[in-house]
Amino acid sequence: MPRFAANLSMLYNEHDFLDRFAAAAKDGFTAVEYLFPYAYAADELAARLKAAGLQQVLFNAPPGDWDKGERGIACLPGREAEFAEGITKALAYAQALQCPRVHVMAGLAPAGISRELLRATYVANLKRAAAEAAKVGVDILIEPINQRDMPGFFLSRQDDAHAVVAEVGAPNLKVQMDLYHAQITEGDLAMKIRQYLATGQVGHLQIAGVPERHEPDLGEINHPYLFKLLDDIGYAGWIGCEYRPQRGAVAGGTSQGLGWLAPYLQR
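Residues numbered from 1 in each chain as written. Predicted model: local features only at pLDDT ≥ 70, side-chain atom pairs only at ≥ 80, totals over all residues. Heavy atoms only, no water.

**Things to note about the packing of aromatic side chains**
As a reminder of what qualifies: Centres within 6.5 Å make a pair out of two Phe, Tyr or Trp rings, where for Trp the six-membered ring is used; the pair is then stacked when the planes are under 30 degrees apart, edge-to-face when over 60, and tilted otherwise. Put simply, DSSP H or I for four residues or longer makes a helix, DSSP E for two residues or longer makes a strand, and each gets a number counted from the N terminus. Each residue gets one of three labels from its accessible area relative to the maximum for its type: buried under 20%, exposed over 50%, partly exposed in between, using a 1.4 Å probe on protein chains only.
Applying the stated criterion across every chain, the model contains 13 aromatic pairs. Judged by centre distance (5.1 Å) and plane angle (20°), the rings of Phe 17 and Tyr 40 are stacked. Taken together, the positions of Phe 17 in the loop between strand E1 (3-7) and helix H1 (20-26) and Tyr 40 in the loop between strand E2 (31-33) and helix H2 (42-52) put the pair 23 residues apart, joining distant regions of the chain. Since its relative accessible area comes to 27%, Tyr 40 is described here as partly exposed.

Following this line, the structure appears as C-alpha cells:
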C-alpha cells in the first residue's frame, strides 16, 4: 500500500507552521516532509513530531539565498565552502529529527559558465556530501525539476539525474523522483517508474496534479493507476504530497481536499 507524507510547506497553510504537524496527523498522515527546517530549533521540531506521532522523512539542505531567488548552490563554482557548511547543518538537523534523507538542490545555471564546469562542481560537491552523510546513515537525494516552474534549473531530466548518481558512485546518493516534474518534462511515467525504480536508485517519490500542481486527482495524471503499479513492483518508500490545495483553499482548509487519499488510509 502506498505510504504518503504530507508536505508541510505546501499543505495546511491555513495553520501556523508548527501547528501543521498535528493537523496532518489528525487527517491520518504518519509522516511529513517540508522544504527547510532552519527557521526553527531542531528540538522544537522533534517535539512536534513526537507529539503528533509522525516520522520526518525528508527536508532540503540550505539552498543559498532563497529570498533572493537562489534555488540551491550545489552546481555553483566558488560556493563550495558555503555548500559544505550547509551540509553540516542539514545533517545535524537530520540526526536530531531522525530523518533518513536530505534533498540537495542543484541550483540555477548562471550565464557565462560552461555546463561542463557546473557539472564538475556538482559532482564534486555531491561526492563530499554523500561521504559526510554516510557517516551518520543519511541518504543524499537529487531532484530533477521542470524548466517551466524553475527556468534555468541545472537538473531537469531523470536520465541526467541517474547519470550523475552513477558518476558519483556513492550508494547513499539517490534520485528524488517527483512525478509532477517528470510528467511536465518527459511524460511516459509508468515506463519511467518501471525503469528507474528497478535500479534501486530512487530514494523518494513526490506527487501533484498536472498541470496546475493541485490535488493529485485533478489534472492529467492517473494517480490510482500509478499507485497500483508501485504496489505491483514492490515500492516500499514514501510518496510526498507536494501540491497546492485547490479544493481546500475553496472549502476552508487542506483537509477538505483529501478525498483522493481516503481509500488508501482506510485499507
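**Considerations on the packing of helix H7 (residues 189-197) against helix H8 (residues 223-232)**
Defined as follows: Interaxial angle, 0 to 180 degrees, is taken between N-to-C directions of lines fitted to C-alpha atoms, where a helix line uses only the stretch in contact. If an angle is under 35 degrees, it is roughly parallel; if it is over 145, roughly antiparallel; if it lies from 65 to 115, roughly perpendicular; otherwise it is oblique. Should the near helix be turned anticlockwise from the far one by less than a right angle, the crossing is termed left-handed; should it be turned clockwise, right-handed. Pairs of residues are marked as contacts when any of their non-hydrogen atoms sit within 4.5 Å.
Relative orientation of the contacting elements H7 and H8 amounts to 20°, with a least axis distance of 10 Å. When the axis of H7 is compared with that of H8, the two are roughly parallel. H7 and H8 meet at a crossing whose hand is right-handed. Contacts between H7 and H8 pair Leu 189, Ala 190, Ile 193, Arg 194 and Leu 197 from the former with Tyr 225, Leu 226, Leu 229 and Leu 230 from the latter.

**A closer look at the packing of H2 against helix H3 (residues 80-97)**
Condition: When residues are sorted by character, Ala, Val, Leu, Ile, Met, Phe, Trp, Tyr, Cys and Pro go into the nonpolar class, Asp, Glu, Lys and Arg into the charged class, and all the rest, Gly among them, into the polar class.
It is at 9 Å that the axes of H2 and H3 come closest, and there the two elements cross at 35°. Considering the relative orientation of H2 and H3, their crossing is right-handed. Here H2 contributes Ala 42, Leu 45, Ala 46 and Leu 49 to the contact with H3, which in turn contributes Tyr 93, Ala 96 and Leu 97. Here the contact of H2 with H3 is composed, by residue class, of seven nonpolar, no polar and no charged.

**Considerations on the environment of Phe 36**
Looking at the element boundaries, Phe 36 is found in the loop between E2 and H2. Placed 26 residues apart in sequence, Phe 36 and Pro 62 show a C-alpha to C-alpha distance of 7.3 Å.

**Notes on unusual backbone geometry**
Cis geometry marks the peptide bond from Val 210 to Pro 211; its omega dihedral reads 15°. Positive phi, close to 55°, is recorded for Gln 98, a residue that is not glycine. Along the polypeptide, Gln 98 turns up in the loop between H3 and strand E4 (101-103). One non-glycine residue with positive phi stands out, namely Arg 213, at about 65°. By the secondary structure assignment, Arg 213 is in the loop between strand E7 (202-207) and H8. Accessibility expressed as a relative area gives 8% for Arg 213, which makes it buried.

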